[in-house]
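# Coordinate inspection notes
Chain by chain, the residues run as shown.
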Amino acid sequence: MFTVLVVGASLSDRATSREPVVTTLRDGARPTGEPTRAPQKKAPLNTSLKSNTVYAAGPLPRTRCRGGGANVFVHAQIKAHILRTAKCMDQAWKTALEKVGIPFERPKWVIAAGKGRGPCGDFPQSNSAAPYYCPRTMSVYASTKAMANGNGEAAGYASFSAWHGTYTAMMGHEYGHHVQQLTGLAQARWERTLASASESQRLALSRRLELQANCFAGMFMRAVAPTYPVPAGRRDDLFAFWSNVGDQPGWPRDHGSPPNNGVWFRQGWQKQRTHQCNTWAMPANAVS
């Protein structure tokens, strides 16, 4: 979930291995009495916030993903664009996660022209133009009209940038929440939230979650930059956009300040490593 300029959005919240079967060999069988090697057991995944297995995944692979020329004001075009670039996200993140033994599952996408309702609430939410990720269904819900034109007190993204790459980056943020769900980061954050003694602690956890999703979005956009393409001018547009979203005066401080939103998107873009997106290990001022 992400908010632009005048509104704060709600936060998003939500493997089995099988031992190899030893079969009897016929041709080329081992001599009688030769010991068989016990199957190696994989180390369990670390689903904690600070030491999660995902931090060993390194960079996303360079992924071919043509941006095309979708008009963000035309529902059919931007919906098709979102669904097509989502396949690029699947490809990049599947490779990275499976490399470190994290089972992969694609998210689902519900892209409406106007308003709709999902298990995690209305989309768009009141006074918000933002899409949101619902862990209950592992789905992203979005209104193309709200994203382009705004909703209630929330300005539309097109008032800042009508380039479809901005929308791809925003969906990369929502995909970042899906990565958090698959890796156990979202569940670990939720458990910490339930155990928190104050609203300020709960908001601090939300900010770390959201800023990490920004970083993952930056990683993805860098991974597809050569083919999308994202030339220097468009890269600067993305940096400017992310430096203008986040917590605004009078709204809950659940997404981080605009400057820190920009910092963490650039962190993913520039550092290109999952461990560089470990917001949980950073001091409070870096995720304020």
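What counts and what doesn't
Residues numbered from 1 in each chain as written. Predicted model: local features only at pLDDT ≥ 70, side-chain atom pairs only at ≥ 80, totals over all residues. Heavy atoms only, no water. Phe/Tyr/Trp six-rings, centres within 6.5 Å; stacked < 30°, edge-to-face > 60°. Helix = DSSP H or I, 4+ residues; strand = E, 2+ residues; numbered from the N terminus. Buried < 20%, exposed > 50% of the residue type's maximum accessible area, 1.4 Å probe, protein only. Disulfide = S-S within 2.5 Å. Salt bridge = Lys/Arg side-chain N within 4 Å of Asp/Glu carboxyl O.

Our focus in this paragraph is the packing of aromatic side chains. This model, assessed by the stated rule, comprises 12 aromatic pairs. Ring centres of Phe 239 and Trp 269 lie 5.9 Å apart, and the angle between their planes is 90°; on these two criteria the pair is classed as edge-to-face. Residue Phe 239 is located in helix H6 (residues 232-242), and its partner Trp 269 is located in helix H7 (residues 258-271); the two are separated by 30 residues in the primary sequence. By the burial criterion, Phe 239 is buried, and Trp 269 matches it. Here a set of aromatic residues connected by ring pairs shows up, and it is made of Tyr 157, Phe 160, Tyr 167, Phe 239, Phe 241, Trp 242, Phe 265 and Trp 269.

A complete count under the given rule lists 3 disulfides for this structure. Covalent S-S linkage joins Cys 215 and Cys 277, the inter-sulfur distance amounting to 2.0 Å. Around the S-S axis, the bridge from Cys 215 to Cys 277 shows a dihedral of about -75° and counts as left-handed. With Cys 215 in helix H5 (residues 199-224) and Cys 277 in the segment after H7, the pair connects residues that are 62 residues apart, well separated along the chain. Taking the relative accessible area as the measure of exposure, Cys 215 reaches 0% and is therefore buried. With relative accessibility at 0%, the residue Cys 277 sits in the buried group. If the cysteines joined by disulfides in the protein chain are listed in sequence order, their pairing comes out as 1-2, 3-4, 5-6.

Time to look at the pattern of salt bridges. Taken as a whole and assessed by the stated rule, the structure comprises 6 salt bridges. In this structure, the salt-bridge partner of Glu 98 is Lys 94, at a minimum N-O distance of 3.0 Å. In this pair, Glu 98 and Lys 94 both sit in helix H1 (residues 75-99), 4 residues apart, roughly one turn of the helix. With a relative accessible area of 33%, Lys 94 lands in the partly exposed category. A salt bridge links Arg 235 to Asp 236; the nearest nitrogen and oxygen atoms lie 3.1 Å apart.

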